[in-house]
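# Structural overview
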Amino acid sequence: LLTLPSETVPGTPVSAVLDLPDAVLDLEITPNRPDCLSLLGLARELGALYDLPHRRPAVELTEQGRPVADWAQVTVADNERCPHYTARVLTNVTVAPSPAWLQRRLERAGVRSINNVVDITNYVMLETGQPLHAFDYDLLAGGRIVVRRAAADEKLTTLDGLKRVLTPDMLVIADGEKAVALAGIMGGADSEIRAATRTVLLESAIFAPDPIRRTARGLGLSSESARRYERGVDPAQAEWASRRAAALLAQWAGAQAAPGVLDVFPAPPAPVEITCRRGRLETLLGLPAATADLARAFTRLGIEVLTQDQDAVTVRVPSFRPDLTREVDLIEEYARLDGLDRIPATPPRSTIIPGAADAPSALRRDRVRQILVALGLREAMNYSLTTAATLDPFAPDPDQRRITLPHPISQDQSVLRTTLLPQLAATLAHNRGRQIETAALFELGRVYRLDAAGTPTEEEHVALGLLGPVGRPPVERRRPLAPAEAFLALKGILTECLQALGVTDWQAEPTAAPWAQPGTALRLTCQGATLGLLGLVTDEWRQRQRVSDPLALAELCLDGLPATAPRVTVAPPPAQPAIRRDVALWASAGVTHAAITACIRAHAPAELEQIELFDVFADPERERRSLAYALTFRAVDRTLTDEQANAFHEAIKTGLQTDLALELRT
């Protein structure tokens, strides 16, 4: 069932009655263009783009009765935050539902219809970009309006029914006794328009953007009015928008406007004049331009041209364009009207400055990235903001050192991370859940926390993570992955990375970490300073993420690593042939591979090029192992003979028997 307006004539097409079909434009307005948050602003913009005239609606307002000064008094106690305030009084108002077409237009613009008085203020706001507010005059103590800052702990119940506690940095609209509205944001419930309202005080004012933004964020309160004030409202339009709304109230609510307007505007802003030079425009855009073309483009935009000569155009910026403050702003306006696609493409150029160098932190970061990519890892990137629940399993915060945003845009991005590990581990788990069996990732980024004095600090970290049988050939990937294998694989990558950075004197000692499986965490140190942690993620965390394979993680602080890599000496490819000799021996369990290779090098000549362990098998009954080594000899300046290689070989075997008491195999 659909109730139609009583004046509907039978036989009228339903499309005409319901105003169908209709088009709703959903536009994304950038913050620097508050003038486009209105229909008139968009009409002005379209007129400039297509070189067509635009007009404002005609306003015919008949005033009668006692002058407005007999009805009300306006006092602005903070002209900095409220530079312009106007008020009109309208009597004999009939509060009723708005016409159906007006309700539909507001609803399609995302504004809920209330009654004809409130709907008119919203309609004019959407039309002109100027927020307005209607007070029930009979609920204003003394018929007074006082624009002031709130008292400490002053309370106000806003139109959404919530009682809010205000602070002295918030601007309010008050009557002779109390606050009745949050300036520029939302009215108060104690002065709202009711069905019994007969006299209305109509506010149309200008409020400074920054205080409105801080108040709205501080109270978690947003409105169409605040959205416009936060970006800037045209100060020259407040009085005209008030007359426009008063005329509509007379037309649709039967109101009578009291003669005059209370207009507090002690310091109108000085007009801004900018000179646009033709030579500067051609330098920036690479396009030829005549000053006549510049003047014509500026006129289309509603910008008044003051003077014009062969080299420059001087203009007066209209009050509805607060984004135009410099010469380059005018150049940008000309470019978009003339066609951005006409700007020629210029290849990028760079200048080499002798002696210039990147900061050590940048050099260190780039070097670490190169090393890890060369080792087969891929770089991952995550946001610096995360949630406390994500951080808790990896880095609990008993000391309250986390930095939490007071008013986050999203709860999923409310805390600055104190470690890179949670997000990297989650990335690996995400990949495993999508049939990625192996992954080797790293992330370079900053972590943030409060120091002992409560001052925010940041550090550059690198995190590494291995998932699955990284490095195994395909035929062996189905073999179950032992935790020790994942741990040692990541330890090997860390060793190679630190060695490439020139860090060779680091140590690892057992430690405990909240995210690591007990007994698997190592603390990495260098000269007494902690470099980072290495370990396996707990089984509990893996089970929650449905990851069956061991997950190895490590995190290092880059601030403690050298910024430049050690100098590497590159030898030319060998020109002489090599000779290989093998040595096989029995070694007890107490003799390590490192001890054997050290003994070989101690008794070998300079011609020993390489030692390679190529065979190992155990003899459990006698608690010993058989090790076979391939020894490669090569001379840089000559070809070795068999006799020389045999002499080297015998000297090494004798040393192994003498120093380590090893039994040689034939």
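These remarks concern the structure in this document. Values in this document were obtained by computation on a predicted structure and should not be read as measured data.

Cut-offs applied
- Residues numbered from 1 in each chain as written.
- Predicted model: local features only at pLDDT ≥ 70, side-chain atom pairs only at ≥ 80, totals over all residues.
- Heavy atoms only, no water.
- Helix = DSSP H or I, 4+ residues; strand = E, 2+ residues; numbered from the N terminus.
- Expected span 1.5 Å × (residues − 1).
- Buried < 20%, exposed > 50% of the residue type's maximum accessible area, 1.4 Å probe, protein only.
- Contact = heavy atoms within 4.5 Å.
- Polar contact = N/O pair within 3.5 Å; in protein donor to acceptor, adjacent residues only side chain to side chain.
- Pairing = 2+ DSSP bridges.
- Patch = residues over 30% accessible without salt bridge, like charges linked within 9 Å, V, L, I, M, F, W, Y side chains within 5 Å.
- Areas by Shrake-Rupley, 256 points an atom, 1.4 Å probe, with all protein chains shown as cover.
- Salt bridge = Lys/Arg side-chain N within 4 Å of Asp/Glu carboxyl O.
- Phe/Tyr/Trp six-rings, centres within 6.5 Å; stacked < 30°, edge-to-face > 60°.
- Lys NZ or Arg CZ within 6 Å of the ring centre and 35° of its normal.
- Core = buried A, V, L, I, M, F, W, Y, C linked by side-chain atoms within 4.5 Å.
- Axes fitted to C-alpha atoms, helices over the stretch in contact; angles between N-to-C directions.

With that settled, the discussion passes to helix α5 (residues 116-128). With 13 residues, α5 extends 18 Å from end C-alpha to end C-alpha; this agrees with the ideal 18 Å at 1.5 Å per step. Counting buried positions along α5 yields 12 of 13 residues, so the element is predominantly enclosed. Along α5, the residues classified as buried are Asn116, Val117, Asp119, Ile120, Thr121, Asn122, Tyr123, Val124, Met125, Leu126, Glu127 and Thr128. Those residues of α5 hidden inside the fold are in contact with α2 (39-50), α4 (100-108), β3 (132-136), β10 (200-206), α7 (224-231) and α8 (238-253). Put simply, asparagine 115 is the residue that caps the front of α5, since its side-chain oxygen is 3.1 Å from the backbone nitrogen of valine 117. Once α5 ends, the next one or two residues include glycine 129, with phi positive near 85 degrees.

A separate point is the environment of asparagine 382. If you trace the backbone, asparagine 382 turns up in the loop between β16 (378-379) and β17 (385-386). Look at asparagine 382 and you get partly exposed, because its relative accessible area is 27%. Note: C-alpha distance between asparagine 382 and aspartate 153 (229 residues apart in sequence) is 41 Å. In contact with asparagine 382, other than residues within four places in its own chain, are Arg417, Gln423, Leu424, Thr427 and Glu443. At a separation of 3.0 Å, a polar atom in the side chain of asparagine 382 contacts the side chain of glutamate 443.

Turning our attention to the sheet that holds strand β4 (residues 144-149). With mixed pairing, the five strands of this open sheet are ordered in space as β1-β4-β7-β8-β9. The strands lining the two open edges of the sheet, one partner per strand, are β1 (73-76) and β9 (186-187). With three bridges joining them, strand β7 (residues 171-174) and strand β8 (residues 179-182) adopt antiparallel strand pairing. By the bridge assignment for β8, isoleucine 173 is matched with alanine 181.

A word on the side chain of threonine 128. Secondary-structure assignment places threonine 128 in helix α5. Given a relative accessible area of 4%, threonine 128 falls into the buried group. From its side chain, threonine 128 meets the backbone nitrogen of glutamine 130 in a polar contact 3.1 Å long. When neighbours within four sequence positions are excluded, threonine 128 is seen to be in contact with Ser38, Leu40, Gln237, Trp240 and Ala241.

What follows concerns the side chain of threonine 525. Secondary-structure assignment places threonine 525 in strand β22 (residues 522-526). Those residues in contact with threonine 525 that sit more than four places away from it in its chain are Asp505, Trp506, Gln507, Thr530 and Leu531.

Okay, the environment of proline 5 next. Within the fold, proline 5 resides in the segment before α1 (14-17). Note on proline 5: relative accessible area 30%, which makes it partly exposed. Spatially, the C-alpha atom of proline 5 lies 52 Å from that of isoleucine 331, the residues being 326 residues apart in sequence.

We now examine the pairing of β10. β10 sits mainly inside the fold: seven of its seven residues count as buried. Residue alternation in β10 divides its side chains into two sets, Val200, Leu202, Ser204 and Ile206 and Leu201, Glu203 and Ala205, and both sets are buried. As paired strands, strand β2 (residues 84-91) and β10 are joined by seven bridges and run antiparallel to one another. Note that in β10 the partner of histidine 84 across the bridge is isoleucine 206. In terms of strand pairing, β3 meets β10 through five bridges, oriented antiparallel. Its bridge partner being in β10, aspartate 136 is matched across the sheet by valine 200.

A contiguous nonpolar surface patch, about 430 Å² in accessible area, is contributed by Leu46, Leu49, Tyr50 and Leu52. Within the secondary structure, leucine 52 sits in the loop between α2 and α3 (68-71).

Now for the packing of aromatic side chains. Evaluated as defined, the whole model comprises nine aromatic pairs. Through pairs of rings, three or more aromatic residues link up here, namely Trp101, Tyr123 and Trp252. The ring of tryptophan 240 has arginine 56 lying over it, and the distance from NZ or CZ to the ring centre is 4.1 Å.

Attention now moves to the nonpolar core. The nonpolar side chains of a soluble globular protein tend to be buried, and buried together. Grouped together as the largest cluster of nonpolar side chains are 42 residues, with contacts concentrated most on Tyr85, Phe135, Ile145, Val147, Ile173, Leu201 and Phe207. Per-element tally for this core: the top contributor is β8, with four residues. Excluding its chain neighbours within four sequence positions, the residues that come into contact with phenylalanine 135 are Tyr85, Leu140, Ile145, Ile173, Val180, Ala181, Ser191, Ile193, Thr199, Val200, Leu201 and Glu203. Core analysis: the next-biggest nonpolar cluster, separate from the first, contains 32 residues, Val462, Leu498, Leu556 and Leu558 among them.

We now examine the pattern of salt bridges. Within this structure, the stated rule accounts for 48 salt bridges. Its salt-bridge partner being glutamate 45, residue arginine 336 comes within 2.5 Å of it at the nearest N-O pair. Taken together, the residues span a long stretch of sequence, with arginine 336 in helix α11 (residues 327-338) and glutamate 45 in helix α2 at a distance of 291 residues. Residue classification places arginine 336 among the partly exposed positions, given a relative accessible area of 23%. Of the charged contacts, one joins arginine 342 and aspartate 338 as a salt bridge, the two residues approaching to 2.1 Å between their closest N and O atoms. Owing to a relative accessible area of 42%, arginine 342 belongs among the partly exposed residues under this scheme.

Right, let's get into the pairing of strand β20 (residues 456-467). The pairing of strand β19 (residues 439-450) with β20 spans 12 bridges and is antiparallel. Counterpart to alanine 440 in the pairing with β20 is leucine 466. In this structure, the hairpin formed by β19 and β20 is closed by a connection of five residues, where glycine 454 is found at a positive phi of approximately 85 degrees.

Read from one edge to the other, the open sheet built from three strands follows the order β13-β15-β14, with strand pairing classed as antiparallel. This sheet does not close on itself; its edge strands, each paired only once, are β13 (272-277) and β14 (304-308). Strand-to-strand twist of the sheet, defined as the mean angle between neighbouring strand axes without regard to direction, takes the value 25 degrees. In this structure, β13 lies alongside strand β15 (residues 312-317), joined through six bridges in antiparallel fashion. Residue pairing in the sheet places valine 272 in a bridge with valine 317 of β15. Each of β13 and β15 touches α11; the most contacted strand, β13, lies at about 65 degrees to it.

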